[in-house]
2 protein chains.
Amino acid sequence: MKTSEKMPEKTPIATLGAFGLIDRLAKTVELKQPSTLKGIGDDAAVVRYKKAATVVSAELFLEGIHFDLTYTPLKHLGYKLVTAGVSDIYAMNATPRQILLSIGLDKRFCVEEVEELYAGVKIACEHYGVDLAGGDTTTSLTGLTLHITVTGEAPEENIVYRSGGKQADLLCLTGDLGAAYMGLQLLEREKRVFDGNPRKQPQLEGYNYILQRHLKPEARKDIIELLAQHHILPTSMIDVSDGLASDALHLCKQSNCGVRIYLERLPIASETFRLADEIHIDAVTAALHGGDDYELLFTVPVALYDTIRKELPSVDIIGHLCPPSEGACLLTPDNQAIALTAQGWVG
Amino acid sequence: MKTSEKMPEKTPIATLGAFGLIDRLAKTVELKQPSTLKGIGDDAAVVRYKKAATVVSAELFLEGIHFDLTYTPLKHLGYKLVTAGVSDIYAMNATPRQILLSIGLDKRFCVEEVEELYAGVKIACEHYGVDLAGGDTTTSLTGLTLHITVTGEAPEENIVYRSGGKQADLLCLTGDLGAAYMGLQLLEREKRVFDGNPRKQPQLEGYNYILQRHLKPEARKDIIELLAQHHILPTSMIDVSDGLASDALHLCKQSNCGVRIYLERLPIASETFRLADEIHIDAVTAALHGGDDYELLFTVPVALYDTIRKELPSVDIIGHLCPPSEGACLLTPDNQAIALTAQGWVG
């Protein structure tokens, strides 16, 4: 590199101070939601909803547990954090409107890096139609700490809980499973290769989809809009973030039902199968326990079978609820019933 | 100790698993607020307020930055976290109703310790009249991580912002300043003594007040109730958590005013003076920059002077707003003006 080339700027946070940093970040934040009465810059955010009920979710993202900065770009991390937060609001059949972002920063970080993280948050805010309306910024001794609170609104009668599922209801799932987990496995493999030989370039070609599913997942805003458009009110709903097995069990427990899921109906992307094969992992196990999918799992009365097939073609009907005495199980194509357990691979 | 005596139980969190722990904690949580439609156990909490506006605050508490577990009992820490959260809601002249508590736990912690933390949170919930309605629980690699989101309500026209202060308004302050900071200095001193000689018992006698101010501070619910009772609507308000100097400057900046604060009117408790003297710290500096006070700083029109003196005798009138051109300063008894700066001792 010639000395005349400009190095990327690295401004120490200390040069601005905590308040200066917050001021600088806040200046770039635009409020676009009519429901935001007061955003960043007071003791609390103030919002006013026309619809009757307020929905609030919280997500904590910790370095070393939820993300590895070795291979996670900060902009992607900001986007993913917002996705994780709004996904919980969609899972209530509600519309997210505001987020509060809390950040604990250790000494490694410079102002430009925090701005990268914020850039990702702001792209996500634009995409999901939410305002960044507040939060807390502090020093951390121990790694990057992120927390997101999301507030949203819904008419009370439209809110869908985990507990409303009825026996015989169809179990519906958006998107596909296990891809984010396989994307993570790929990144972890390449990290190990790099650790062994830092001159090796990571081999990530041909795996765009699973990498995107891990690094920049999307929450299912589209599905909530489609459900509303076709006047479909699920009887119960949950977002799949801990793995299908675990989240289906939560839904069953709250709805006091059992469940039968048909193994051959589990939606798994071809890249997920391909990498699973390459690194000798069972793709179905990744689909059941991998987590981080941010898909929606919901139930509807069986009478809506045709409507779901016709109006929500991207949704798979993967099984149905049953009496609680029948338990929760996965049915193989040769009709073997395997009990569903919540044991994931992760923690 | 005789072997027949029972050791306190230490159940590893792994024996319950994350979901088991959440279930166990959730079982002990009662919902008491009519505005809580759905608490712990779904993707998000659901609340419904009768009043027009929803107020939301966020506080991140990190080990090593906000607390030191060497001398902070977990029950007190839980209480203090809630105090810090609701204080922001009171500072908007609003009523807190629900909290969402997010916790990152590393391997050191056992189930009983998490229950201790929750016990403190629940005592605070009872005291402030809020429901524990949700949150997130996760593993941490790096110390105890706590985050609280508080939601509350207020009629829109009653919300008090930092920005409403007018020139000549009286500057009012609840409680006293610098005590929490001096409590922290005392605990830090005794920690150093203990580190040097673990057989020494900590010398904390005679300092109950400053210790309580650090370990179990109270948010000023009482003041918000008194203001409502006497139909006093402050023109601006902020909670004093970063130190009076810093928070008064925030209020001035947002209100586009200068401020004059009279040094001899700063309320400082006798224990604060006593320890300051003992360890050679300037008590006024502690009052201005110490932080962690959780008092309310607010402004009212000068016409309310008599009302404040009569109806809120525990509130001190410490100065007044002035034109922004006059800046922000502290006036000494001999009429010297010292410019107010936000430079605290802490970070």
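For clarity, every value in this text was computed on a predicted model and none was experimentally measured.

S.K.: Help me get a handle on the overall build of chain A, residues and values and all.
M.R.: When you go through chain A residue by residue, the secondary structure sums to 10 helices and 13 strands. Here chain A has a C-alpha radius of gyration of 22 Å; the compact-globule value for 347 residues is 20 Å, and the two agree. Overall, the C-alpha framework of chain A stretches about 70 × 55 × 35 Å when taken along its three principal axes. Across the 347 residues of chain A, 52% fall into the buried class.

S.K.: Quick one: what's the story with the interface of chain A and chain B, residue by residue and with numbers?
M.R.: Facing 53 residues of chain A, the contacting portion of chain B comprises 53 residues. Within the residue set of the side of chain A that touches chain B, elements represented by two or more residues are β1 (36-38), β2 (45-47), β3 (53-62), α2 (74-90), β4 (95-105), β5 (131-139), β6 (145-154) and β8 (236-240) of chain A. Tallying contributions element by element places β3 of chain A first for the side of chain A that touches chain B, with nine residues. Residue composition of the side of chain A that touches chain B, by class: 24 nonpolar, 19 polar and 10 charged. Note that β2 of chain A and strand β3 (residues 53-62) of chain B share three bridges and pair antiparallel. Each bridged residue has a counterpart across the sheet, and for Ala45 of chain A the counterpart in β3 of chain B is Val56 of chain B.

S.K.: Before we move on, could you go through the sheet that holds β5 of chain A and cite the residues and values that matter?
M.R.: Pairing is mixed across the open sheet formed by six strands, whose spatial order is β5(A)-β4(A)-β6(A)-β3(A)-β2(B)-β1(B). Lying at the two open borders of the sheet, with one neighbouring strand each, are β5 of chain A together with β1 (36-38) of chain B. Sheet twist, expressed as the average angle between the axes of neighbouring strands with direction ignored, equals 20°.

S.K.: Kindly report on the domain arrangement of chain A, identifying the contributing residues and their values.
M.R.: Where interface size is given, it is often the accessible area lost as the parts come together that is meant. Residue and element names in this part refer to chain A. Segmentation of chain A into domains returns domain 1 (13-158) and domain 2 (162-339). Look at where the C-alpha atoms of domain 1 and domain 2 centre, and you get two points 26 Å apart. Listed as interface residues are 16 residues of domain 1 and, on the opposing side, 19 residues of domain 2. No other element matches the nine residues that α2 contributes to the side of domain 1 that touches domain 2. Residue composition of the side of domain 1 that touches domain 2, by class: seven nonpolar, seven polar and two charged.

S.K.: Could you give me a rundown of the relation of the copies chain A and chain B, with the residues and numbers involved?
M.R.: With an RMSD of 0.0 Å, the operation that places chain A on chain B is a rotation of 180° combined with a shift of 0.0 Å along the axis. Here the symmetry operator amounts to a two-fold rotation axis. Relative to the rotation axis, the closest C-alpha in chain A is found at Thr142 of chain A, a distance of 2.9 Å. When the interface residues of chain A are mapped onto chain B, 100% of them again fall at the interface, so both copies present the same face.

Rules and cut-offs
Residues numbered from 1 in each chain as written. Chains lettered and ligands numbered in written order. Predicted model: local features only at pLDDT ≥ 70, side-chain atom pairs only at ≥ 80, totals over all residues. Helix = DSSP H or I, 4+ residues; strand = E, 2+ residues; numbered from the N terminus. Rg over C-alpha atoms; globule rule 2.2 N^0.38 Å. Buried ≥ 20, exposed ≤ 12 C-beta atoms within 10 Å, placed from the backbone. Contact = placed C-beta atoms within 7 Å. Nonpolar A, V, L, I, M, F, W, Y, C, P; charged D, E, K, R; others polar. Pairing = 2+ DSSP bridges. Axes fitted to C-alpha atoms, helices over the stretch in contact; angles between N-to-C directions. Domains from an automatic or database assignment. Least-squares fit on C-alpha atoms with pLDDT ≥ 70 in both.

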